[in-house]
Amino acid sequence: MTFTTRFAPSPTGPLHLGHAYSAMLAHDMALQNNGAFLLRIEDIDRSRARPEWEQQIYDDLEWLGLSWPTPVMRQSDRVDTYQAALTSLWDRGLMFRCTCNRKDIAAAVSAPQEGAEIPTGPDGIIYPGTCRANSNVRGNVPFPEGAVLRLDMAQACFVVTTHSDHGQHHFTETGYGPDGQGGKVLVTDQDLIQTAGDIVLARKDMGTSYHLSVVLDDAAQGITHVIRGQDLFEATKIHVILHRLLGLPTPLYHHHTLIRDDQGKRLAKRDDARAISKYREDGYTPEDIRKMVGLPL
């Protein structure tokens with residue numbers, strides 16, 4: 001199997017130094033292993049995606065010296081694939097329709113102990129299960145179009161757990177997890193239920209979600225090594241259970257350290273001062289960028 005990495009930015013703003021580091025690292029690792037580096041445009045958020053930002057992604061990455069096969073996969077072209085996966089999960093009774101908004105969820109979570117810290121996980125506030133009674137238990141309820149759909153995590157774990165794995169799932173980390181270590185990472189059913197909860201798999205305005213799309217896209221592109229930031233480490237537990245539910249292979253993961261500003265905060269797209277295009281305009285070279293993010297020339 002060819003060693004295959006990818007860089008999957010969203011065209012919702014300018015790429016910054018953190019993006020440059022992740023893209024160049026994925027590109028370097030592919031070259032070092034005689035593999036392939038792929039580019040994917042994650043444009044499922046149609047309300048924020050812009051053609052000019054997509055074009056700037058290509059321009060910035062080419063300026064950095066990166067290359068990739070074309071045509072590039074774009075999530076907006078894969079709506080039917082996401083819909084098919086959602087329909088399959090719905091027909092298996094693994095999802096339910098949710099009518100809660102963020103305010104409802106926050107109120108439900110904090111209701112028992114006013115002022116208590118609201119529990120959060122890789123998908124935001126851990127859902128309190130308000131609409132779980134709407135579960136399509138037998139898979140005989142028509143698929144709801146244009147609705148927010150959540151995965152019934154307890155039911156999903158029950159479906160994929162066998163007598164041999166005892167509710168334990170694993171993925172291999174070759175980078176730096178939250179403890180700075182790599183190796184085999186254990187994910188348990190209890191962990192998924194308590195610290196991830198009933199995650200959203202379809203948003204009303206997108207027809208899918210990041211978690212669902214990323215596992216389907218990685219499988220479709222044959223990604224063997226997912227290179228991404230440590231901030232997404234906890235999301236990997238969600239992706240592992242989705243791999244098992246959908247019968248997809250689990251790639252190896254390499255979560256790298258984050259590029260931060262002078263105050264130690266993670267860079268964001270709104271931080272235009274560190275946009276790659278700004279460095280280009282100011283006369284910096286790709287070699288300068290490599291030095292700034294700590295990659296070898």
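Residues numbered from 1 in each chain as written. Predicted model: local features only at pLDDT ≥ 70, side-chain atom pairs only at ≥ 80, totals over all residues. Heavy atoms only, no water.

## A closer look at the overall build of the chain
So, point 1. When you go through the chain residue by residue, the secondary structure sums to 10 helices and 12 strands.
So, point 2. By the compact-globule yardstick of 19 Å for 297 residues, the chain fits well, its C-alpha radius of gyration being 20 Å.
So, point 3. Expressed as lengths along the three principal axes of its C-alpha atoms, the size of the chain is roughly 60 × 45 × 35 Å.
So, point 4. Out of the 297 residues in the chain, the part that is buried amounts to 49%.
So, point 5. Between the averaged position of the 30 positive side-chain charges in the chain and that of its 37 negative side-chain charges there is a distance of 3 Å. (Helix = DSSP H or I, 4+ residues; strand = E, 2+ residues; numbered from the N terminus. Rg over C-alpha atoms; globule rule 2.2 N^0.38 Å. Buried < 20%, exposed > 50% of the residue type's maximum accessible area, 1.4 Å probe, protein only. Lys, Arg positive; Asp, Glu negative; His and termini not counted. Charge placed at Lys NZ, Arg CZ, Asp CG, Glu CD.)

## Here's the deal with the sheet that holds strand 1 (residues 4-7)
So, point 1. On the basis of which strands lie adjacent, the open sheet formed by 3 strands has the order 1-2-3 and parallel pairing. Across the chains shown, the open sheet's two edge strands, defined by having one partner strand only, are strand 1 and strand 3 (73-74).
So, point 2. Examined bridge by bridge, strand 1 and strand 2 (residues 36-41) share 4 bridges and lie parallel to one another. Within strand 2, the residue paired with Phe-7 across the bridge is Leu-39.
So, point 3. Sheet strands in contact with helix 2 (residues 51-63) are strand 1, strand 2 and strand 3, and its direction is about 155 degrees off that of strand 2.
So, point 4. Helix-sheet contacts for helix 7 (residues 210-220) involve strand 1, strand 2 and strand 3, and the interaxial angle to strand 2 is about 145 degrees. (Pairing = 2+ DSSP bridges. Contact = heavy atoms within 4.5 Å. Axes fitted to C-alpha atoms, helices over the stretch in contact; angles between N-to-C directions.)

## Remarks on the packing of helix 1 (residues 17-32) against helix 10 (residues 286-293)
So, point 1. Between helix 1 and helix 10, whose axes approach to 10 Å, the crossing angle comes to 95 degrees. By the angle between their directions, the pair helix 1 and helix 10 is classed as roughly perpendicular. For the pair formed by helix 1 and helix 10, the contact residues are Leu-17, Ala-20, Tyr-21, Met-24 and Asp-28 on the first element and Ile-289, Arg-290, Met-292 and Val-293 on the second.
So, point 2. Each residue belonging to the contact of helix 1 with helix 10 can be placed in one class, and the counts come to 7 nonpolar, no polar and 2 charged. (Parallel < 35°, antiparallel > 145°, perpendicular 65-115°, else oblique. Nonpolar A, V, L, I, M, F, W, Y, C, P; charged D, E, K, R; others polar.)

## A few points about helix 2
So, point 1. Here helix 2 spans 18 Å end to end across 13 residues, near enough to the 18 Å set by a 1.5 Å rise per residue.
So, point 2. Inspection of helix 2 places Glu-54, Gln-56, Ile-57, Tyr-58, Asp-60 and Leu-61 among the buried residues, and these make up the whole buried set.
So, point 3. If you follow the buried residues of helix 2, they end up packed against strand 1, helix 1, strand 2, strand 3 and helix 9 (276-281).
So, point 4. Looking one or two places after helix 2, you find Gly-65, whose phi comes out positive at around 95 degrees. (Expected span 1.5 Å × (residues − 1).)

## Here we look at the pattern of salt bridges
So, point 1. If you walk through the whole model with that rule in mind, you get 17 salt bridges.
So, point 2. For Asp-217, the salt bridge is made with Arg-78, and the minimal N-O distance between the two is 2.6 Å. One end of the pair, Asp-217, is in helix 7; the other, Arg-78, is in the loop between strand 3 and helix 3 (79-91), and 139 residues separate them in sequence.
So, point 3. In this structure, Asp-198 engages Arg-132 in a salt bridge whose closest nitrogen and oxygen atoms are separated by 2.7 Å. Here Arg-132 lies in the loop between strand 6 (124-125) and strand 7 (148-151) and Asp-198 lies in the loop between helix 6 (189-195) and strand 10 (200-202), a separation of 66 residues in the sequence.
So, point 4. Overall, Asp-198 belongs to the buried group, its relative accessible area being 5%.
So, point 5. Because the salt bridges share partners, they merge into one network encompassing Arg-6, Arg-40, Glu-42, Arg-78, Asp-217 and Asp-218. (Salt bridge = Lys/Arg side-chain N within 4 Å of Asp/Glu carboxyl O.)

## Describing unusual backbone geometry
So, point 1. Pro-71 follows Thr-70 through a cis peptide bond whose omega is 0 degrees.
So, point 2. Looking at the secondary structure, you find Pro-71 in the loop between helix 2 and strand 3.
So, point 3. Here the phi dihedral of Asn-34 falls at roughly 55 degrees; this positive angle occurs in a residue that is not glycine.
So, point 4. If you trace the backbone, Asn-34 turns up in the loop between helix 1 and strand 2.
So, point 5. Assessed through its relative accessible area of 74%, Asn-34 is described here as exposed.
So, point 6. You will see that His-166, though not glycine, has its phi angle at about 50 degrees, which is positive.
So, point 7. With respect to the secondary-structure elements, His-166 resides in the loop between helix 5 (153-160) and strand 8 (168-173).

## Observations concerning the pairing of strand 7
So, point 1. Sheet topology note: the strand 4 (residues 95-98)/strand 7 ladder contains 4 bridges and is antiparallel. Of the residues in strand 7, the one forming a bridge with Arg-97 is Leu-149.
So, point 2. For strand 7 and strand 10, the ladder comprises 2 bridges, and the chain directions are antiparallel. Its bridge partner being in strand 10, Arg-150 is matched across the sheet by Val-200.

## Observations regarding the nonpolar core
So, point 1. Within the largest apolar cluster, 38 residues are counted, with the highest numbers of intra-cluster contacts made by Met-95, Leu-151, Met-153, Leu-201, Leu-242 and Leu-245.
So, point 2. Of all the elements in the fold, those that place two or more residues in this core are helix 3, strand 7, helix 5, strand 9 (183-188), strand 10, helix 7 and helix 8 (236-246).
So, point 3. Apart from residues lying up to four places away in sequence, Leu-242 is in contact with Leu-151, Leu-201, His-211, Leu-212 and Val-215.
So, point 4. Judged by nonpolar contacts, the second largest core, of 29 residues, contains Leu-17, Leu-61, Ile-259 and Ile-289. (Core = buried A, V, L, I, M, F, W, Y, C linked by side-chain atoms within 4.5 Å.)

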